[in-house]
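Summary of structural features
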Amino acid sequence: MGRLLSITLRNDAPASSGITPEMNTQQQLRTAMHTLSSAFAPHDCRILAARNGSFSFTIVNHAGIAQHSQRLYPGQYGDESLQQVIRRARQTLRA
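Everything in this summary refers to the structure shown in the same document. Every value quoted in this text rests on a predicted model; they were computed, and no experiment measured them.

Reading guide: rules and limits
Each residue is numbered by its place in its chain's sequence as written, counting from 1. Local features in this predicted model are restricted to residues of pLDDT 70 or higher, and side-chain atom pairs are both shown and tallied only at a pLDDT of 80 or more, whereas totals for entire chains, interfaces and linings draw on every residue. To obtain the side-chain values, all non-hydrogen atoms of the structure were included, while hydrogens and water were left out. Secondary structure elements follow DSSP: runs of H or I of four or more residues count as helices, runs of E of two or more count as strands, with numbering from the N terminus. Throughout this description, buried means an accessible area under 20% of the type-specific maximum (1.4 Å probe, protein chains only), exposed means over 50%, and partly exposed covers the range between. Every residue pair with non-hydrogen atoms within 4.5 Å of one another is taken to be in contact. Note that accessible areas follow from Shrake-Rupley with a 1.4 Å probe, and for residues the cover is restricted to the protein chains shown. Here a salt bridge means any side-chain nitrogen of Lys or Arg lying within 4 Å of a carboxyl oxygen belonging to Asp or Glu. Only the six-membered ring of Trp is used, alongside the rings of Phe and Tyr, when aromatic pairs are assigned; centres must lie within 6.5 Å, and planes under 30 degrees apart are stacked while those over 60 apart are edge-to-face, with the rest tilted. Working rule: Lys NZ or Arg CZ, within 6 Å of ring centre, within 35 degrees of ring normal, means a charge sits over the ring.

1. Some details on the overall build of the chain
- For the chain, the helix and strand inventory stands at two helices and three strands.
- Taking all 95 residues of the chain together, 25% fall into the buried category.
- Partitioning the intrachain contacts of the chain with sequence separation of at least 6 by distance along the chain shows that 27% fall at a separation of at least 24.
- Counting only carbon and sulfur atoms, one obtains 52% of the accessible surface of the chain, whose full area is about 7,100 Å².

So, in structure tokens, the structure goes:
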């Protein structure tokens, strides 16, 4: 007797776009890293431990002392969520 194999493929991107969900996530990740790197001047924002769609960032002052550190996961680096992360991090820098 033969076996029945059922496979369901899921792609949230429109068929005509040529963009897979993985590519979209990678692009969002790169955009988030770039946004964070430029958001905290004159402090240095260091991106660390990027893996499995998440990464850590640390804001370092001119003396090399870490002022804030946080790990971001895929749901946190969309445009709106990332702006909230930046606002909260700036608040902690002012405190």
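On we go.
2. Points about the pattern of salt bridges
- The full count for this structure, using the stated rule, is one salt bridge.
- A salt bridge links arginine 46 to aspartate 44, with the nearest nitrogen and oxygen atoms 2.8 Å apart.

3. A look at the packing of aromatic side chains
- For the coordinates displayed, the defined rule picks out two aromatic pairs.
- Aromatic pair phenylalanine 40 and phenylalanine 57: ring centres 6.2 Å apart, planes at 15°, arrangement stacked. Note that phenylalanine 40 is positioned in the loop between α1 (21-39) and β1 (44-51) and phenylalanine 57 in strand β2 (residues 54-60), a separation of 17 residues in sequence.
- For phenylalanine 57, a relative accessible area of 0% corresponds to the buried category.
- Residues phenylalanine 55 and tyrosine 77 carry aromatic rings whose centres are separated by 6.0 Å and whose planes lie at 40° to one another, so their mutual orientation is tilted. Here the residue phenylalanine 55 occupies a position in strand β2, and tyrosine 77 occupies one in the loop between β3 (66-72) and α2 (79-94), the gap between them amounting to 22 residues.
- What makes phenylalanine 55 buried here is its relative accessible area of 0%.
- Residue classification places tyrosine 77 among the buried residues on the basis of a relative accessible area of 3%.
- Here arginine 90 stacks its cationic end above the ring of phenylalanine 40, 5.9 Å away from the centre of that ring.

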